[in-house]
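Residue-level structural notes
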Amino acid sequence: AQSVTQLDSQVPVFEEAPVELRCNYSSSVSVYLFWYVQYPNQGLQLLLKYLSGSTLVKGINGFEAEFNKSQTSFHLRKPSVHISDTAEYFCAVSDFGNEKLTFGTGTRLTIIP
Amino acid sequence: GAGVSQSPRYKVAKRGQDVALRCDPISGHVSLFWYQQALGQGPEFLTYFQNEAQLDKSGLPSDRFFAERPEGSVSTLKIQRTQQEDSAVYLCASSSYSGSQETQYFGPGTRLLVL
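Residue numbers here run from 1 along each chain, matching the order of that chain's written sequence. Whichever chain is written first becomes A and whichever ligand is written first becomes 1, with later ones labelled in order. In keeping with the predicted nature of the model, local features appear solely for residues at pLDDT of at least 70, side-chain atom pairs appear and are counted solely at 80 or more, and the whole-chain, interface and lining totals rest on all residues. Heavy atoms throughout the structure, all of them, feed into the side-chain values; hydrogens and water do not.

**Topic: the overall build of chain B**
Counting secondary structure elements, chain B contains 0 helices and 11 strands. Numbering of helices and strands starts at the N terminus; helices are DSSP runs of H or I of at least 4 residues and strands are runs of E of at least 2. In chain B, the succession of α and β elements from N to C terminus is β-β-β-β-β-β-β-β-β-β-β. The size measure is the radius of gyration over C-alpha atoms, and the globule rule it meets is 2.2 Å times the number of residues to the 0.38 power. Taken over the C-alpha trace, chain B has a radius of gyration of 13 Å; the compact-globule value for 115 residues is 13 Å, and the two agree within 12%. For chain B, the C-alpha atoms occupy an extent of roughly 40 × 25 × 25 Å along the three principal directions. Each residue is placed in one exposure class: buried if its accessible area under a 1.4 Å probe, protein chains only, is under 20% of its type's maximum, exposed if it is over 50%, and partly exposed if it falls in between. The proportion of buried residues among the 115 residues of chain B is 48%. Summarising the internal contacts of chain B: among those between residues at least 6 apart in sequence, 54% fall at separations of at least 24. Using the Shrake-Rupley algorithm and a 1.4 Å probe, accessible areas are obtained, with residue cover drawn only from the displayed protein chains. Here chain B displays about 5,600 Å² of accessible surface, and carbon together with sulfur accounts for 47% of that area. Here the positive residues are Lys and Arg and the negative ones are Asp and Glu; neither His nor the chain ends is included. To locate a charge, take NZ of a lysine, CZ of an arginine, CG of an aspartate or CD of a glutamate. Averaging the coordinates of the 11 positive side-chain charges in chain B and doing the same for the 11 negative ones gives two points 9 Å apart. Should any heavy atoms of two residues lie within 4.5 Å, those residues are considered in contact.

**A word on the layout of surface pockets**
Only protein atoms enter the 1 Å grid used here, on which a cavity is any set of points holding a 1.4 Å probe that cannot leave and a pocket is any open set flanked by protein within 12 Å on both sides along at least five of seven lines; residues with an atom within 4 Å of a point are listed as lining. Grid points are joined across faces, edges and corners, and a volume is the space filled by probe spheres set on the points. Taken as a whole, the largest pocket spans an internal volume of roughly 640 Å³. Residue lining of the largest pocket: 31 residues in total, with A:Q38, A:R108, B:Q37, B:L39 and B:R111 positioned closest to the centre. Only β10 (87-95) and β12 (107-112) of chain A together with β9 (88-95) and β11 (110-114) of chain B provide two or more residues apiece to the lining of the largest pocket. Charged residues are taken to be Asp, Glu, Lys and Arg, nonpolar residues to be Ala, Val, Leu, Ile, Met, Phe, Trp, Tyr, Cys and Pro, and polar residues to be all remaining types, Gly included. Grouping the amino acids of the lining of the largest pocket by side-chain chemistry returns 12 nonpolar, 15 polar and 4 charged.

**Quick notes on the state of the cysteines**
Sulfur atoms of two cysteines make up a disulfide when they are within 2.5 Å. For the coordinates displayed, the defined rule picks out 2 disulfides over all chains. Disulfide partner of A:C23: A:C91, at an S-S distance of 2.0 Å. The sign of the S-S torsion, about -65 degrees, decides the handedness of the disulfide formed by A:C23 and A:C91: left-handed. Here A:C23 is found in the loop between β3 (19-21) and β4 (24-26), whereas its partner A:C91 is found in strand β10, with 68 residues between them in sequence. Both residues of the pair, A:C23 and A:C91, belong to the buried class. Each sulfur of the disulfide joining B:C23 and B:C92 lies 1.8 Å from the other. Because the torsion about its S-S bond is -65 degrees, the bridge between B:C23 and B:C92 counts as left-handed.

Here is the structure:
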């Protein structure tokens, strides 16, 4: 069975500072990896996904993530955060041939002015 | 274009009542998913449809939960004899094709509170 671990439940960051949100996964098969963002009272929105190829994936709103197979990680980064980045961020994984997503417990990103 | 819509957005039910939650996926999307998100947790998979066929219902927590998608578009998640532990946000998602690499587009969710 696959699982996703987001070690940080909350991350406070000053505005314009860089941020890294950590995600580790476990799976016995090859996987696809996703980061979703959830703004208050809204549905989940895809930030980026890793399918294959380059391990550095660029997404919307200036976010990027790096797939590290040896460390089974898919950490999300942004070089300079903005107040509008305040939200809950979820890492998710799906197995090849299995369409359901398995999510982590989420990281709440709070931007300090 | 229109995204995934869900109704109602909020539902309060007394314990033991039956509830029905509706999902309108993006037009033409083949795959449809239901997830349950408890407070402070990530979404958890409930069930998956490809067109009208329910291909995976392994996440449904009990036989009180039932989902259908009879014409391959709108879907309904029904919970019979609701219990307090059913309180959660129920999320619906759709994707244009089948395949685990496809992006799932999520609706805003239905927040269910069982008293």
